[in-house]
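Remarks on the overall topology
Chain residues, written in single-letter form:
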Amino acid sequence: MKTTLAVLIASTALTAAIALPAWSAIQDRAETRPITAILEAGPDAQPVILASNDDDDDDNDNRRRSERNNDDDDDDDDDEDDDDNRGARAPNPAPAGTVAPPANGLFGNGAPPKVQMN
Amino acid sequence: MKSLLATLALTTALTFPGLAMARPVTLTTTLTNYGGDGAYLALYVKDASGAYMGSLWMAGGKSKYYEHLTDWYRATSGDTAQINGITGASVGAGRSLEITLDLADTLFDAGYTLHVDAAVENMRDSPNEVAVPLTTDGAGTPVKGRRYIANFAYKM
């Protein structure tokens, strides 16, 4: 009887000695949080690392899309720039009626030009 | 009385040359139905030796297309100061452009020639589409163009 009691006390003491540190370690690492709180906290707060992250994919898509759009815009701008600036192009002339005709000796000093399209 | 007459004669003598130095001239350009966008036209004058004297009108306001008016562009290097105040819209196919300008008398019967260059987007350029001597006898006589201009005439 004494022997049995001694074995029971020894096994309980061993179990307690091993189990208490392990149990306290589990308590430190695994804080119990609701799953919604983890999801709301974002990817950095997630207790596991996902092999694939939708947010990353979206970022890439957005980047690709925006790069494509930017490229398109750049191309368009380049085209327009090419059209307008190739060879230091002269400015558009002043329309009739806004300034006097040039003094090239061909015009008198009378009435300003009149134009009609039929 | 004599001094009044003398003053009147003097003022008339001074005023008349000024009135007689220029006259309104109407330039009419009628385009064919070439089936394209609006045509750019450059109307300009050369002297008897073929030297560029100056421009009378530019139909079309964007300078980037002027290089297609090849003869005018070669003569002016595309200098838009030559056409400030004498530039209007391009002319659609089948339409008629009528411009009335106050032109110097010295332009007529003095060996000057009026030239018209034409250009249409995505179609062939047509320099010297019309070349017509500026004479009082030639006024009112239509001249046929080569490609886009059905006829051109000037009236005094």
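Note: the structure precedes this text.
Quick caveat: nothing in here was measured; it's all calculated off a predicted structure.

As a further point, take the overall build of chain B. Scanning chain B from N- to C-terminus turns up two helices and eight strands. Going residue by residue from the N terminus, the α and β elements of chain B occur as α-β-β-β-α-β-β-β-β-β. Classification of the 156 residues of chain B by burial places 44% in the buried group.

Attention shifts here to the overall build of chain A. The secondary structure content of chain A amounts to three helices and one strand. Secondary structure elements in chain A, listed N-terminal to C-terminal, are α-α-α-β. A total of 118 residues make up chain A; the buried ones form 8% of that total.

A word on the interface of chain B and chain A. Taken together, the contact between chain B and chain A spans 36 residues of the former and 30 residues of the latter. Taken together, the two surfaces of chain B and chain A that pack against each other cover about 2,500 Å², and 55% of this comes from carbon and sulfur. Looking at the side of chain B facing chain A, the largest losses of area belong to B:Lys64, B:Gly85 and B:Asp102, adding up to 22% of the total buried there. Seen at the junction of chain B and chain A, the total is zero salt bridges. Run the count over chain B and chain A and you get 12 residue pairs in polar contact (both at pLDDT 80 or more). Of all the secondary-structure elements, those providing two or more residues to the side of chain B that touches chain A are strand S3 (52-59) and strand S5 (96-104) of chain B. No other element matches the nine residues that S5(B) contributes to the side of chain B that touches chain A. Partitioned by chemical class, the residues of the side of chain B that touches chain A number 17 nonpolar, 13 polar and six charged. As judged from the four bridges shared by strand S1 (residues 114-117) of chain A and S5(B), these two strands associate in the antiparallel manner.

Right, let's get into the environment of B:Asp47. Residue and element names in this part refer to chain B. Summarising the element assignment, Asp47 is placed in the loop between strand S2 (39-46) and S3. Sequence separation of Asp47 and Leu107 is 60 residues, and the distance between their C-alpha atoms is 9.1 Å. Within polar-contact distance, the side chain of Asp47 engages the side chain of Ser49 at 2.7 Å.

Now for the sheet that holds strand S7 (residues 126-133) of chain B. Sheet architecture is open: five strands sit in the order S4-S3-S2-S6-S7 (chain B), paired in mixed fashion. The open sheet is flanked by strand S4 (87-88) and S7 of chain B, the only strands paired with a single partner.

Our next topic: the pattern of salt bridges. Residue and element names in this part refer to chain B. Scanning all chains against the criterion turns up two salt bridges over all chains. For Asp71, the salt bridge identified is with Arg74, shortest N-O distance 3.0 Å. Of this pair, Asp71 and Arg74 both sit in helix H2 (residues 70-76), separated by three residues, roughly a single helical turn. Overall, the relative accessible area of 18% leaves Asp71 in the buried class. Owing to a relative accessible area of 61%, Arg74 belongs among the exposed residues under this scheme.

Definitions and limits used
Residues numbered from 1 in each chain as written. Chains lettered and ligands numbered in written order. Predicted model: local features only at pLDDT ≥ 70, side-chain atom pairs only at ≥ 80, totals over all residues. Heavy atoms only, no water. Helix = DSSP H or I, 4+ residues; strand = E, 2+ residues; numbered from the N terminus. Buried < 20%, exposed > 50% of the residue type's maximum accessible area, 1.4 Å probe, protein only. Contact = heavy atoms within 4.5 Å. Buried area = accessible area lost by both parts, 1.4 Å probe. Salt bridge = Lys/Arg side-chain N within 4 Å of Asp/Glu carboxyl O. Polar contact = N/O pair within 3.5 Å; in protein donor to acceptor, adjacent residues only side chain to side chain. Nonpolar A, V, L, I, M, F, W, Y, C, P; charged D, E, K, R; others polar. Pairing = 2+ DSSP bridges.

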